[in-house]
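Take a look at the letters that make up each chain.
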Amino acid sequence: MRTRIRVILHSLLLLVLVVQVSRPVCVDVPSETEAVVGNPMKLTCISCMKREEVSAETRVDWYYILPHEEHIPIYLFDGHPRELEGPWRGRLVWNGSKDLQELSISILNVTMNDTGTYNCVVFRQFEFDSYSHSVTKTLVINLVVREEASDDTTALYSEIMMYVLLVFLTCWLLVEMVYCYRKISKSDEQAQDTATNYLAIPSENKDNLGVPVTE
């Protein structure tokens with residue numbers, strides 16, 4: 001019984017820790033690479049930082065790479081987001097986070113001409129007490145635009161299984177909590193009944209309870 005209670009408490013503690021810790025955690029998620037004509041498409045660019053690096057000065061340059069490897073600048077973040085001149089102007093939206101660990105953009109009303117390679121170049125300047133340090137990170141996204149959405153049954157099956165597993169674990173946790181609560185309540189009731197019955201016995205009979213019967 002105590003083991004089961006410890007398992008439940010450990011699960012609850014782990015759940016609380018996940019909820020508390022998940023807020024500041026940065027996860028380097030790869031970008032989607034397939035878009036559909038007429039739909040919006042998010043180009044995901046994530047550059048995680050340590051806690052002591054969050055105050056870094058950040059600049060982000062987005063480029064479209066032509067077949068002969070010429071870089072066409074299409075978007076800039078240098079303190080504030082800014083669209084640049086080009087075929088994408090008016091169709092790009094900043095999708096970054098406040099802490100600038102996500103530096104994504106979205107393409108609105110995707111066309112077949114948007115197929116190609118995109119680069120997200122992140123430059124960070126860190127200022128510490130005794131020195132400064134700069135880092136440059138480049139993320140490459142090869143975007144393919146289709147006229148209709150392709151059926152990705154594997155991804156759909158994985159997502160369904162993830163939600164089913166989440167629901168199952170939640171239900172299991174609730175059932176175990178109710179079971180342990182009822183067990184504890186029943187044990188308390190039995191202990192209380194035993195104590196009540198003992199108090200109800202007359203004092204002279206209590207003295208005789210411990211006296212062995214001899215012939």
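As a reminder, the structure under discussion sits directly above these lines.
Residues numbered from 1 in each chain as written. Predicted model: local features only at pLDDT ≥ 70, side-chain atom pairs only at ≥ 80, totals over all residues. Heavy atoms only, no water.

## Points about the overall build of the chain
Turning to step 1, where the next piece is worked out: For the chain, the count of helices and strands is three helices and nine strands.
Turning to step 2, where the next piece is worked out: Overall, the chain shows an N-to-C arrangement of helices and strands of α-β-β-β-β-β-β-β-β-β-α-α.
Turning to step 3, where the next piece is worked out: Expressed as a percentage of contacts within the chain between residues at least 6 apart in sequence, the contacts between residues at least 24 apart total 56%.
Turning to step 4, where the next piece is worked out: Summing over all exposed atoms, the chain offers an accessible surface of approximately 15,700 Å²; the carbon and sulfur share of this is 57%. (Helix = DSSP H or I, 4+ residues; strand = E, 2+ residues; numbered from the N terminus. Contact = heavy atoms within 4.5 Å. Areas by Shrake-Rupley, 256 points an atom, 1.4 Å probe, with all protein chains shown as cover.)

## A word on the nonpolar core
Turning to step 1, where the next piece is worked out: Ranked by internal contacts, the top residues of the largest apolar core, which has 24 residues, are L43, W62, I74, I105, Y118 and L143.
Turning to step 2, where the next piece is worked out: Put simply, the parts of the chain that give this core at least two residues each are β2 (41-43), β3 (57-65), β4 (71-77), β6 (92-94), β7 (105-107), β8 (116-127) and β9 (132-146).
Turning to step 3, where the next piece is worked out: Look past the residues within four positions of L143 in its chain and what remains in contact with it is T33, E34, A35, M41, L43, I107, D114, T115, G116 and Y118. (Core = buried A, V, L, I, M, F, W, Y, C linked by side-chain atoms within 4.5 Å. Buried < 20%, exposed > 50% of the residue type's maximum accessible area, 1.4 Å probe, protein only.)

## Focus on the sheet that holds β4
Turning to step 1, where the next piece is worked out: Strand order in the open sheet formed by six strands is β1-β9-β8-β3-β4-β5, and the pairing between neighbours is mixed. The sheet is open, and its two edges are formed by β1 (34-36) and β5 (81-83), each paired on a single side. Adjacent strand axes in the sheet meet at a mean angle of 30° when their direction is disregarded.
Turning to step 2, where the next piece is worked out: Note: β3 against β8, nine bridges, orientation antiparallel. Note on β8: the bridge partner recorded for Y63 is N119. (Pairing = 2+ DSSP bridges. Axes fitted to C-alpha atoms, helices over the stretch in contact; angles between N-to-C directions.)

So far we have only geometry, and geometry alone does not tell us how the molecule works.
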